[in-house]
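This is what each chain is made of:
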Amino acid sequence: TMAVARVNLRALTSWVGIARLFAVGLSCLTFSLVASTGNFGGASGTWCMFTWCFCFVVTLLVLLLELLELYPVLPLSWDDFTSAFSMLAVLMVFTSSVVFPATFISSPCSSNQCARQAVATTTSFLCFLAYAVEVGLTRAKPGDISSFLSTVPGLLKVFEAYVACLIFSLLDEYSPKSGLLWCIAVYSICFIFTLLIIIFTIGRCLAYFPFSLDKVLVGYNFLALLMYITATILWPLYSFKGRPRPESCGRNCSWDKHLGITFLTIFNLIAYLVDLVYSSRMVFIRTP
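Note that the structure is predicted; figures quoted are calculated from it, not measured.

Next up on the list: the domain arrangement of the chain. Partitioning the chain into structural domains gives domain 1 (1–148) and domain 2 (151–287). Look at where the C-alpha atoms of domain 1 and domain 2 centre, and you get two points 25 Å apart. At the interface, 23 residues of domain 1 touch 18 residues of domain 2. Summed over both partners, the interface of domain 1 with domain 2 buries about 1800 Å², with 73% contributed by carbon and sulfur atoms. For the pair domain 1 and domain 2, the interface holds 0 salt bridges. Where domain 1 meets domain 2, there are 5 residue pairs in polar contact (both at pLDDT 80 or more). The element contributing the most residues to the side of domain 1 that touches domain 2 is helix 4 (residues 78–104), with 11 residues. Taken together, the residues of the side of domain 1 that touches domain 2 break down into 14 nonpolar, 6 polar and 3 charged.

What follows is the structure, given as structure tokens:
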């Protein structure tokens, strides 16, 4: 007998479904407006267009799979996948909402092209809010650990991996000093392990590990926190000691990128600290 796909209208009429519909419409409107200007060249413009198109396609696919109730046949944890994607979409669309106007909108904004870019920036920010609402609606309540990536530690894992990707995107020129090489090792090691945790969770592989993964994650978060503490100290020390900001520092200035890496390192340090606190509470303080 041939399987018949059922239609689940709650996929569109629930609050989560409505947030996803807004995200689909706003992301489509954003990349259409930007495409109509013809001005989205370079690495920044390509990244922004990729973000809006990627989020549009994946969210539309999620809606269709839930509408037709086809997602149970997929070999993955659906709740973990949708939670991880919505958190990733929040971060990507927010970054694009900041990068696009900073790169392409000039002052004064009087031309028709500039007006469309301004509207695209507004719709991009509204799209970010739609994804943020979805994250808020799907976040696991205290005591509910059925979907790890919908808990605060799970969402923080996505944040940590994304921030590490931003750090890598800013790494272009650096001297081969031992302190800087150690920092790059910290960023790489923590990124790889965090990404593996996300992939194994979505792929339902965690049940096959012959040890208590919860406690291992607490230990990993503690080690990652210690490593990021050293990177937070060493990166600015080796990057800026005896190196004032050059007067001819333009848009792609290496000094500014190193400053950006410094702030991103601090962001991830805070994320790993909060992650450690929450994961420790989940393991050692059970909610009745």
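This part is about unusual backbone geometry. For Glu69, which is not a glycine, the phi torsion comes out positive at approximately 55°. Relative to the helices and strands, Glu69 is located in the loop between helix 3 (42–67) and helix 4. For Glu69, a relative accessible area of 28% translates into the label partly exposed. Its identity is not glycine, yet Arg204 carries a phi of approximately 55°, on the positive side. Mapped onto the elements of the fold, Arg204 is located in the loop between helix 7 (178–202) and helix 8 (213–240).

All right, on to the side chain of Glu134 then. Checked against the element boundaries, Glu134 lands in helix 5 (residues 112–138). Residue Glu134 is classed as buried on the basis of its relative accessible area, which comes to 2%. Within the structure, Glu134 has its side chain in polar contact with the side chain of Arg20 (distance 3.0 Å). Those residues in contact with Glu134 that sit more than four places away from it in its chain are Val16, Ala19, Arg20, Thr82 and Ser86.

Quick look at the UniProt feature "transmembrane region" (unreviewed entry) in the chain now. Listed under "transmembrane region" (unreviewed entry) in the UniProt record, and renumbered for this structure, are residues 12–35, 47–65, 85–105, 117–133, 145–168, 180–211, 217–238 and 259–278. A distance of 27 Å separates the end C-alpha atoms of residues 47–65, which is 100% helix and 0% strand. Taken end to end, residues 85–105 has its terminal C-alpha atoms 29 Å apart, with 95% of it in helix and 0% in strand.

Let's shift gears to the packing of helix 4 against helix 5. Geometrically, a packed helix pair is captured by the angle between its two axes and the distance between the axes. Two elements in contact, helix 4 and helix 5, have axes whose closest approach is 9 Å; the angle formed by their N-to-C orientations is 160°. Put simply, helix 4 runs roughly antiparallel to helix 5. For the crossing formed where helix 4 meets helix 5, the hand is left-handed. Each residue belonging to the contact of helix 4 with helix 5 can be placed in one class, and the counts come to 15 nonpolar, 7 polar and 1 charged.

What follows is about the pattern of salt bridges. With the rule as written, the count across this model stands at 3 salt bridges. A salt bridge links Glu66 to Arg20, with the shortest nitrogen-to-oxygen separation between them at 2.9 Å. Linking Glu66 in helix 3 with Arg20 in helix 2 (residues 15–37), this pair joins segments that are 46 residues apart in sequence. Given a relative accessible area of 16%, Glu66 falls into the buried group. With a closest N to O distance of 2.4 Å, Lys157 and Asp275 form a salt bridge. Taken together, the residues span a long stretch of sequence, with Lys157 in helix 6 (residues 152–170) and Asp275 in helix 9 (residues 254–284) at a distance of 118 residues.

What follows covers the packing of aromatic side chains. Applying the stated criterion across every chain yields a total of 18 aromatic pairs. Centre to centre, the rings of Phe54 and Phe85 are 6.0 Å apart; their planes meet at 70°, and the pair counts as edge-to-face. In this pair, Phe54 is assigned in helix 3 and Phe85 in helix 4, connecting sequence segments 31 residues apart. Here Phe54 falls in the partly exposed class, since its relative accessible area comes to 27%. Phe85 gets classed as buried once you look at its relative accessible area, which sits at 7%. Ring-pair connections join several aromatic residues into one group, and the members of that group are Tyr187, Phe193, Tyr220, Tyr228, Trp235 and Tyr272. Residue placement shows Arg281 over the ring face of Tyr278; its charged tip is 5.7 Å from the ring centre.

What counts as what
- Residues numbered from 1 in each chain as written.
- Predicted model: local features only at pLDDT ≥ 70, side-chain atom pairs only at ≥ 80, totals over all residues.
- Heavy atoms only, no water.
- Domains from an automatic or database assignment.
- Contact = heavy atoms within 4.5 Å.
- Buried area = accessible area lost by both parts, 1.4 Å probe.
- Salt bridge = Lys/Arg side-chain N within 4 Å of Asp/Glu carboxyl O.
- Polar contact = N/O pair within 3.5 Å; in protein donor to acceptor, adjacent residues only side chain to side chain.
- Helix = DSSP H or I, 4+ residues; strand = E, 2+ residues; numbered from the N terminus.
- Nonpolar A, V, L, I, M, F, W, Y, C, P; charged D, E, K, R; others polar.
- Buried < 20%, exposed > 50% of the residue type's maximum accessible area, 1.4 Å probe, protein only.
- UniProt positions renumbered as here; feature names shortened; annotations may be inferred.
- Axes fitted to C-alpha atoms, helices over the stretch in contact; angles between N-to-C directions.
- Parallel < 35°, antiparallel > 145°, perpendicular 65-115°, else oblique.
- Left-handed = near helix turned anticlockwise from the far one by under 90°.
- Phe/Tyr/Trp six-rings, centres within 6.5 Å; stacked < 30°, edge-to-face > 60°.
- Lys NZ or Arg CZ within 6 Å of the ring centre and 35° of its normal.

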